[in-house]
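Chain by chain, the residues run as shown.
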Amino acid sequence: WENAEKSFKKAFEINPNYAHAHHEYAIFLGIQRRFVEAKAELQTAIELEPFSPFYYASLCELDFFDHHFDDALTQCRYAESLETDFWHTGKQFFWIFVQKKMYPEMSEMVLSKLSTEEKSKHPLTKGWQENNLRLFWQSLIDERLNSKKDISKSVAVAAFYLQLGEKEKALNALEQSFEKREYFLPTINADPIFDPIRNEKRFIEIMRKVGVQR
């Protein structure tokens with residue numbers, strides 16, 4: 001992490017107007033919960049490339065990490081206005097809705113592109129009918145566990161377990177994520193989804209191994 005920061009500084013010496021470097025440095029800072037610095041870097045990137053949906057989606061993510069959920073929602077909506085169905089905003093919208101308990105909006109997002117028949121069979125529809133979303137979260141866990149895609153699968157599973165209040169299973173998944181060196185694991189240091197286990201000894205140990213500043 002220390003060497004990475006030195007490389008970012010060197011990049012800025014070579015070209016202070018390299019927007020992508022400012023964006024990546026903002027992500028680097030955000031992971032370490034250095035939110036004021038991170039937002040300043042991202043604002044620089046946006047000033048250099050003002051019509052990038054990716055940069056606004058990342059600003060949405062930073063606001064989300066910093067527990068400014070309303071601001072995050074505003075930034076994600078603006079990113080979406082620049083590019084409809086932009087891939088990076090989908091995940092952000094989903095978790096903002098969950099954190100703000102905007103379950104009707106979350107449901108609409110998940111079900112909107114399904115046929116009537118698909119909606120009727122979807123675990124989320126049944127969850128709404130029974131006023132219990134456990135079936136929905138469990139279906140997401142099962143889907144990820146059975147997926148052949150390995151990119152941060154265990155991090156996602158841990159996030160879903162936390163929606164069920166299954167802290168030990170979430171921690172088990174995060175330890176597996178560390179063993180597999182999953183790409184997105186460092187982001188849990190800042191992600192409010194993981195607030196329920198942030199002070200657990202096992203979580204602290206994972207972050208110590210990752211080496212990020214808590």
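Residues numbered from 1 in each chain as written. Predicted model: local features only at pLDDT ≥ 70, side-chain atom pairs only at ≥ 80, totals over all residues. Heavy atoms only, no water.

Undergrad: Sorry if this is basic, but what is going on with the overall build of the protein here?
TA: Scanning the protein from N- to C-terminus turns up 13 helices and 0 strands. Going from the N terminus to the C terminus, the protein shows its helices and strands as α-α-α-α-α-α-α-α-α-α-α-α-α. Relative to the compact-globule value of 17 Å for 214 residues, the protein shows a C-alpha radius of gyration of 18 Å, a close match. Taken along the three principal axes of its C-alpha coordinates, the protein extends 60 × 40 × 30 Å. Here the protein, with 214 residues, has 47% of them falling under the buried criterion. Long-range contacts, defined here as pairs at least 24 residues apart, represent 52% of the contacts in the protein between residues at least 6 apart. (Helix = DSSP H or I, 4+ residues; strand = E, 2+ residues; numbered from the N terminus. Rg over C-alpha atoms; globule rule 2.2 N^0.38 Å. Buried < 20%, exposed > 50% of the residue type's maximum accessible area, 1.4 Å probe, protein only. Contact = heavy atoms within 4.5 Å.)

Undergrad: Is there a simple way to explain the pattern of salt bridges in this structure?
TA: Pairs can form between side chains of opposite charge whenever their charged atoms are close. For the structure shown, the criterion picks out 14 salt bridges. With its nearest N and O atoms 3.4 Å apart, the salt bridge here joins Glu-182 to Lys-180. Its relative accessible area of 46% is what places Lys-180 among the partly exposed residues. What you see here is one network of salt bridges that share partners, running through Glu-5, Arg-34 and Glu-37. (Salt bridge = Lys/Arg side-chain N within 4 Å of Asp/Glu carboxyl O.)

Undergrad: What is the right way to read empty space enclosed by the protein from this model?
TA: Left-over empty space is what a probe sized like a water molecule reveals as it rolls over the atoms. Following the criterion strictly, the structure yields 2 cavities of 30 Å³ or more and no others. Of the volumes computed, that of the largest cavity is approximately 40 Å³. Across the lining of the largest cavity, the residue classes tally to 4 nonpolar, 1 polar and 3 charged. By volume, the second largest cavity amounts to about 40 Å³. Ala-26, Ile-27, Gly-30, Ile-31, Glu-61, Leu-62, Phe-65 and Thr-187 together form the lining of the second largest cavity. Of all the secondary structure elements, the ones that give two or more residues to the lining of the second largest cavity are α2 (19-31) and α4 (53-65). For the lining of the second largest cavity, the element with the highest residue contribution is α2, accounting for 4 residues. Residues belonging to the lining of the second largest cavity are distributed by class as follows: 5 nonpolar, 2 polar and 1 charged. (1 Å grid on protein atoms, 1.4 Å probe; cavity = no way out; pocket = protein on both sides within 12 Å on 5 of 7 lines; lining within 4 Å. Points joined across faces, edges and corners; volume = space filled by probe spheres on them. Nonpolar A, V, L, I, M, F, W, Y, C, P; charged D, E, K, R; others polar.)

Undergrad: Before we go on, may I ask you to explain helix α7 (residues 103-111) in this structure?
TA: Side chains three or four residues apart in an α-helix point the same way, a direct result of the helix having 3.6 residues per turn. Taken together, the buried positions of α7 are Met-106, Ser-107 and Leu-111. Taken end-on, α7 shows its buried residues confined to a sector of 115 degrees, consistent with a single buried face. (Arc of directions from axis to C-beta.)

Undergrad: So what exactly am I meant to see when it comes to helix α1 (residues 2-14) here?
TA: A rise of 1.5 Å per residue sets the reference length of α1, with its 13 residues, at 18 Å; its end C-alpha atoms lie 19 Å apart and thus fit the reference within 8%. Buried residues of α1: Glu-5, Phe-8 and Phe-12, and no others. What you see down the axis of α1 is that its buried residues fit within an arc of 55 degrees, all on one side. In this structure, α1 carries Asn-3, Lys-6, Glu-13 and Ile-14 as exposed residues pointing more than 90 degrees from its buried face. (Expected span 1.5 Å × (residues − 1).)

Undergrad: What am I meant to see in the environment of Lys-180 here?
TA: Positionally, Lys-180 belongs in the loop between α12 (167-179) and α13 (201-210). For the pair Lys-180 and His-68, spaced 112 residues apart in sequence, the C-alpha separation works out to 31 Å.

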